[in-house]
Protein chains: 4
Amino acid sequence: MPTEKVDYRRIATEITEKIKSGDLAPGEKLPSTRQLAEQYGVHISTINRVMTILKDRGLVEGHPGKGVYVAEPTQSS
Amino acid sequence: MPTEKVDYRRIATEITEKIKSGDLAPGEKLPSTRQLAEQYGVHISTINRVMTILKDRGLVEGHPGKGVYVAEPTQSS
Amino acid sequence: MPTEKVDYRRIATEITEKIKSGDLAPGEKLPSTRQLAEQYGVHISTINRVMTILKDRGLVEGHPGKGVYVAEPTQSS
Amino acid sequence: MPTEKVDYRRIATEITEKIKSGDLAPGEKLPSTRQLAEQYGVHISTINRVMTILKDRGLVEGHPGKGVYVAEPTQSS
DNA sequence: GTGGTCTAGACCACG
DNA sequence: GTGGTCTAGACCACC
């Protein structure tokens, strides 16, 4: 099934891929929400939604005032 | 410490509990987004965020034009 | 520009094609709303929306109580 | 017989006139669906139907989250 | 500056 | 009427 369609899901998938593939390593800092918003051509709120999902999936950790970092893998697949 | 934090996470937890406990059975229809918003005293957007998470967790399925339903359990604990 | 693949637009396109190609001849009667809904696997109201567009395009004419008929071509392309 | 038009067609015509006459200029934002509904004294769904037609005619463009805008004229008559 | 929550409201597609 | 996606910007807390 072609999941890809809407922005926030597409972006969530792309970032997830980068993490799974190691393109974004554990502990690494993601660009700021503002930067990501501009980069993907969407509103900050949309990036926030993406981060809400990624955090819920345990893929990233947000540190207010500092940034969002790739989480250390636990025991997922 | 863990006094249930923010609205959306608290609500997501509450609904998750109801599903896990069987209070909300698989196939059952949840109240409409608008109703839930009023019931929890938050804006529709907040409920939408909750549903985004619950759907991502595979706990519920949204059927546009009809409603949100508790998903059939797959292989959870 | 893309043909947009949402149901109502897709169906409108398909029927338009059939008319343009002569597969559906002027004066010919279309299947009932109910039949079309079942045929395309959508809700009746979606077919109604399609018909609203087709009528606006001057491709079909509705005759209440009788049915929807392919319109006589005027001078469109 | 009088013009015999139903609401949605009448409104579609009125707005089309405003666009053709330049009363509503290209790029200009239309009032929100809700406002138009109130203004014309009809239900929101009626306005939605009007917009479906206007979009199909290529007269307006919807931008989710922002509004509906008068389209740049292409090459109609 | 950063992330994060929440409100508010827009259009959209479908029933 | 339903869910869904998106924009926009409020306000907060942290650094």
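Conventions adopted
Residues numbered from 1 in each chain as written. Chains lettered and ligands numbered in written order. Predicted model: local features only at pLDDT ≥ 70, side-chain atom pairs only at ≥ 80, totals over all residues. Heavy atoms only, no water. UniProt positions renumbered as here; feature names shortened; annotations may be inferred. Helix = DSSP H or I, 4+ residues; strand = E, 2+ residues; numbered from the N terminus. Contact = heavy atoms within 4.5 Å. Buried area = accessible area lost by both parts, 1.4 Å probe. Salt bridge = Lys/Arg side-chain N within 4 Å of Asp/Glu carboxyl O. Polar contact = N/O pair within 3.5 Å; in protein donor to acceptor, adjacent residues only side chain to side chain. Nonpolar A, V, L, I, M, F, W, Y, C, P; charged D, E, K, R; others polar. Near = heavy atom within 4 Å. Least-squares fit on C-alpha atoms with pLDDT ≥ 70 in both. Axes fitted to C-alpha atoms, helices over the stretch in contact; angles between N-to-C directions. Parallel < 35°, antiparallel > 145°, perpendicular 65-115°, else oblique. Left-handed = near helix turned anticlockwise from the far one by under 90°.

It is worth spelling out the UniProt feature "domain: HTH gntR-type" (unreviewed entry) in chain A at this point. UniProt records the feature "domain: HTH gntR-type" (unreviewed entry) at residues 5–73 of chain A, using the numbering of this structure. Its end C-alpha atoms 27 Å apart, residues 5–73 of chain A is made of 51% helix and 12% strand.

Now for the arrangement of the chains. Looking across the two pairs of chains in contact, one finds the most contacts between chains C and D. As for chain C relative to chain B, no contact occurs, and the smallest C-alpha gap between them is 10 Å. For the non-touching pair chain A and chain D, the nearest C-alpha separation works out to 10 Å.

Attention now goes to the interface of chain D and chain C. Accessible area lost on assembly of the parts is the figure often given for the size of an interface. With seven residues of chain D at the interface, the matching set in chain C holds seven residues. Between chain D and chain C, the buried area comes to about 660 Å², and carbon and sulfur atoms account for 47% of it. Here chain D and chain C share two salt bridges between them. The salt bridge involving Asp56(C) is made with Arg57(D); its shortest N-O contact spans 2.5 Å. Between chain D and chain C we count two residue pairs in polar contact (both at pLDDT 80 or more) in total. Secondary-structure elements contributing two or more residues to the side of chain D that touches chain C are helix H1 (7–20) and helix H3 (44–56) of chain D. Ranked by residue count, the leading element in the side of chain D that touches chain C is H3(D), at four residues. Broken down by class, the residue content of the side of chain D that touches chain C amounts to two nonpolar, one polar and four charged.

Another aspect to go through is the protein's contact with DNA strand E. Lining the immediate surroundings of DNA strand E are 39 residues, of which Thr33(A), Asp7(B), Arg49(B), Arg49(C) and Thr33(D) lie closest. Taking the atoms of DNA strand E that fall within 4 Å of the protein, sugar and phosphate contribute 71% of them. One nitrogen or oxygen atom from the main chain of Asp7(B) is found 2.6 Å from a phosphate oxygen belonging to DNA strand E. A distance of 3.4 Å separates a sugar or linking oxygen of DNA strand E from a polar backbone atom of Gly65(B). Taken together, the residues of the surface near DNA strand E sort by class into 11 nonpolar, 18 polar and 10 charged.

Time to look at the relation of the copies chain A and chain B. Structural alignment of chain A on chain B gives an RMSD of 0.1 Å, achieved by rotating through 180° and translating 0.2 Å along the axis. A rotation of that kind, with that shift, is consistent with a two-fold axis. Judged by C-alpha distance, Ile53(A) is the residue of chain A that lies nearest the rotation axis, at 3.2 Å.

Before going further, it helps to spend a moment on the packing of H1(D) against H3(D). Residues and elements named next belong to chain D. Where H1 meets H3, the axes come as close as 9 Å, and the angle between the chain directions of the two elements is 50°. When the interaxial angle is binned, H1 and H3 end up oblique. Between H1 and H3 lies a crossing of right-handed hand. Judged by residue contacts, Asp7, Tyr8, Ile11, Ala12, Ile15 and Thr16 of H1 engage Thr46, Ile47, Arg49, Val50, Met51, Ile53 and Leu54 from H3. Partitioning the contact of H1 with H3 into residue classes produces nine nonpolar, two polar and two charged.

On to the environment of Leu24(B), then. Relative to the elements of secondary structure, Leu24(B) occurs in the loop between helix H1 (7–20) and helix H2 (33–40). Residues Leu24(B) and Val70(B) lie 46 residues apart in sequence; the distance between their C-alpha atoms is 7.1 Å.

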